[in-house]
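Topology and contacts: notes
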Amino acid sequence: MSQLEDFIRAFARSYTRARKKSTSPQRSSGKRTSRQKTRPASSPQRSSNNSSTPPLSNSYPGDYEGAFSHVYRPRLDGDPDPGEIVWTWVPYEEDFSQGKDRPVLLVGHDGPWLLGLMLTSKDHDRDAADEARWGRYWYDIGTGDWDHKGRPSEVRVDRVLRINPDGVRREGAILDKTRFTRVLREVRAVKGW
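Residues numbered from 1 in each chain as written. Predicted model: local features only at pLDDT ≥ 70, side-chain atom pairs only at ≥ 80, totals over all residues. Heavy atoms only, no water.

As for the confidence of the model for the protein chain
When pLDDT is averaged along the protein chain, the result is 74, and 68% of the positions lie at 70 or above. Low pLDDT, under 50, characterises residues 15-59; the predicted model gives this stretch 60 contacts beyond four residues in sequence or across chains. (pLDDT = per-residue confidence, 0-100. Contact = heavy atoms within 4.5 Å.)

Now the structure itself:
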């Protein structure tokens, strides 16, 4: 029971912190489909006593294209850590001003930014050839506490995202080290690192 209690306390802390930092969404002049959401107008700046840490921009920093050293240090302590699956806003590739909240597997850092891979519960095994034609590659990671319906998930291994740590709204779960290592092996294979 102590793990469950620790998780509940960590979730409550992160939820409270996210509620205090919430901002209203930016209004779009065009029509939106129910699938599209506009990006929040701004993201709060992460305060730090360490003056060597550069401030984070309010805009989405873009996809990460370089190789990175992964780390596996998950702790359900209210702060986002590599090895955890968290919920955050992810922009669409074709229009960074629009996107949606979704689960993301954190895999490392790029300075003050977190690096992550987005998840989906959609099964891409049926359209793998079509997805590959567009340069999108998915890897099955199974089920976990990040999906309250218990659906199997896939992680996109060709697109590494930079994420503002203050934009993470909640921790969903810890991905075990075996699956984490397999995901990173797939990222390296697809990216050619």
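Some points on the pairing of strand β5 (residues 113-120)
It is a general feature of regular strands that their side chains alternate between the two faces of the sheet. Of all the 8 residues making up β5, 8 are buried; the element is thus mostly covered by neighbouring parts of the structure. Going residue by residue along β5, you find W113, L115, L117 and L119 tucked away on one face and L114, G116, M118 and T120 tucked away on the opposite face as well. Across 6 bridges, strand β4 (residues 98-110) lies against β5 in antiparallel orientation. Bridging from a neighbouring strand, L106 pairs with G116 of β5. (Buried < 20%, exposed > 50% of the residue type's maximum accessible area, 1.4 Å probe, protein only. Helix = DSSP H or I, 4+ residues; strand = E, 2+ residues; numbered from the N terminus. Pairing = 2+ DSSP bridges.)

Digging into the nonpolar core
With 19 residues, the main nonpolar core has L105, V107, I141 and V183 as its most contacted residues. Among the elements of the structure, β4, β5 and α3 (177-191) are those that each provide at least two residues to this core. In terms of residue count, α3 provides more of this core than any other element does, 4 residues in total. Excluding anything up to four places from it in sequence, V183 contacts L105, L117, Y139, I141, V155 and V157. In this structure, V86, V90, L161 and I163 belong to the second largest nonpolar core, which totals 10 residues. (Core = buried A, V, L, I, M, F, W, Y, C linked by side-chain atoms within 4.5 Å.)

Some details on the pattern of salt bridges
Any two side chains of opposite charge can pair if their charged atoms end up close together. Counted according to the given criterion, the structure contains 10 salt bridges. D110 is paired through a salt bridge with R162; the nearest N and O atoms lie 2.6 Å apart. Of this pair, D110 sits in strand β4 while R162 sits in strand β8 (residues 160-163), and the two are 52 residues apart along the sequence. A salt bridge links R133 to D130, with the nearest nitrogen and oxygen atoms 2.3 Å apart. Linking R133 with D130, this pair stays in helix α2 (residues 128-133), spanning 3 residues, or about one helical turn. Each of the salt bridges in this network shares a partner with another, and the network as a whole consists of R75, D77 and D81. (Salt bridge = Lys/Arg side-chain N within 4 Å of Asp/Glu carboxyl O.)

A word on empty space enclosed by the protein
According to the stated counting rule, one finds 1 cavity of 30 Å³ or more in the structure shown. For the largest cavity, the calculated volume is near 40 Å³. Looking at the largest cavity, the residues that line it are F68, H70, L184, V187, R188 and W193. (1 Å grid on protein atoms, 1.4 Å probe; cavity = no way out; pocket = protein on both sides within 12 Å on 5 of 7 lines; lining within 4 Å. Points joined across faces, edges and corners; volume = space filled by probe spheres on them.)

Examining α3
With 15 residues, α3 ought to run about 21 Å at 1.5 Å a step, and its terminal C-alpha atoms sit 21 Å apart, in line with that. When we look at burial in α3, the residues that qualify are F180, V183, L184 and V187. Within α3, the buried residues cover an arc of 95° as seen down the axis, which keeps them to one side. Looking at the buried side of α3, the elements it contacts are β4, β5, β6 (138-142), β7 (153-156) and β8. You can read the cap of α3 off the contacts: a side-chain oxygen lies 3.3 Å from the backbone nitrogen of T178, and it is on D176. One or two steps after α3, the chain reaches G192, where phi turns positive at roughly 75°. (Expected span 1.5 Å × (residues − 1). Arc of directions from axis to C-beta. Polar contact = N/O pair within 3.5 Å; in protein donor to acceptor, adjacent residues only side chain to side chain.)

Quick look at the side chain of R102
Looking at the element boundaries, R102 is found in strand β4. Although buried, R102 forms no salt bridge, and the nearest oppositely charged side chain, E93, lies 9.1 Å from it. Residue contacts for R102: discarding those within four places in its chain leaves V86, W87, T88, V90, M118, L119 and T120. (Lys, Arg positive; Asp, Glu negative; His and termini not counted.)

Some thoughts on the environment of L114
Mapped onto the fold, L114 is located in strand β5. Owing to a relative accessible area of 2%, L114 belongs among the buried residues under this scheme.

Looking at the pairing of β4
Pairing of strand β3 (residues 84-91) with β4, which is carried by 7 bridges, proceeds in the antiparallel orientation. Looking at β4, one finds that V86 is bridged to V104. Linkage of β3 to β4, two consecutive antiparallel strands, is achieved through a turn of 6 residues. Taken together, β4 and the strand that follows it, β5, pair antiparallel across an intervening segment of 2 residues, in which G111 is found at a positive phi of about 65°.

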